[in-house]
Amino acid sequence: QVQLVESGGGLVQAGGSLRLSCAASVRTSNTYAMGWFRQAPGKEREFVAAISWSGASIVYADSVKGRFTISRDNARNTMYLQMNSLKPEDTAVYYCAAARTSVVVGQRPGDFASWGQGTQVTVSS
């Protein structure tokens, strides 16, 4: 079981940047892929990005490709999401998630086993 805590959300103007962090607390030496999802009011939770344990495999949603960068520091048990050129449509609660596998096997919420509580990102126009 992995416990996850997000931080770094906030209010930013369109075109600005934010960096989200996700700190993981693990009880085993298991390796796990991680990902970011987001959920806007009245919408389903959607995939943003995912990264394998080694960092060699990274996947982005088309809507954020070229603007967002996912990374991780396994020595610090922390994952990051650098968000640049933010748009009002990026406004959502952002969740980090951990999978049971070390590789990214899918982009659906059901492909991830552990979730953080979420952090709000609001982009004003």
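Residues numbered from 1 in each chain as written. Predicted model: local features only at pLDDT ≥ 70, side-chain atom pairs only at ≥ 80, totals over all residues. Heavy atoms only, no water.

## Digging into the sheet that holds strand S3 (residues 18-26)
Sheet architecture is open: four strands sit in the order S1-S3-S8-S7, paired in antiparallel fashion. Because the sheet does not close on itself, it has two edges, and the strands there are strand S1 (2-7) and strand S7 (68-73). Pairs of neighbouring strands in the sheet enclose a mean axial angle of 15°, with direction left out of account. Pairing analysis gives six bridges linking S3 to strand S8 (residues 78-83), with the strands arranged antiparallel. When the bridges of S8 are listed, Arg19 appears paired with Gln82. (Pairing = 2+ DSSP bridges. Helix = DSSP H or I, 4+ residues; strand = E, 2+ residues; numbered from the N terminus. Axes fitted to C-alpha atoms, helices over the stretch in contact; angles between N-to-C directions.)

## Observations regarding the state of the cysteines
Enumeration over the complete set of coordinates arrives at one disulfide. Between the sulfur of Cys22 and that of Cys96 lies a disulfide, 2.1 Å long from S to S. Between Cys22 and Cys96, the S-S dihedral sits near 55°, and the bridge is therefore right-handed. Placement of Cys22 in strand S3 and of Cys96 in strand S9 (residues 92-98) is noted, with a sequence separation of 74 residues between them. Under the relative-accessibility criterion, Cys22 is labelled buried at 0%. (Disulfide = S-S within 2.5 Å. Buried < 20%, exposed > 50% of the residue type's maximum accessible area, 1.4 Å probe, protein only.)

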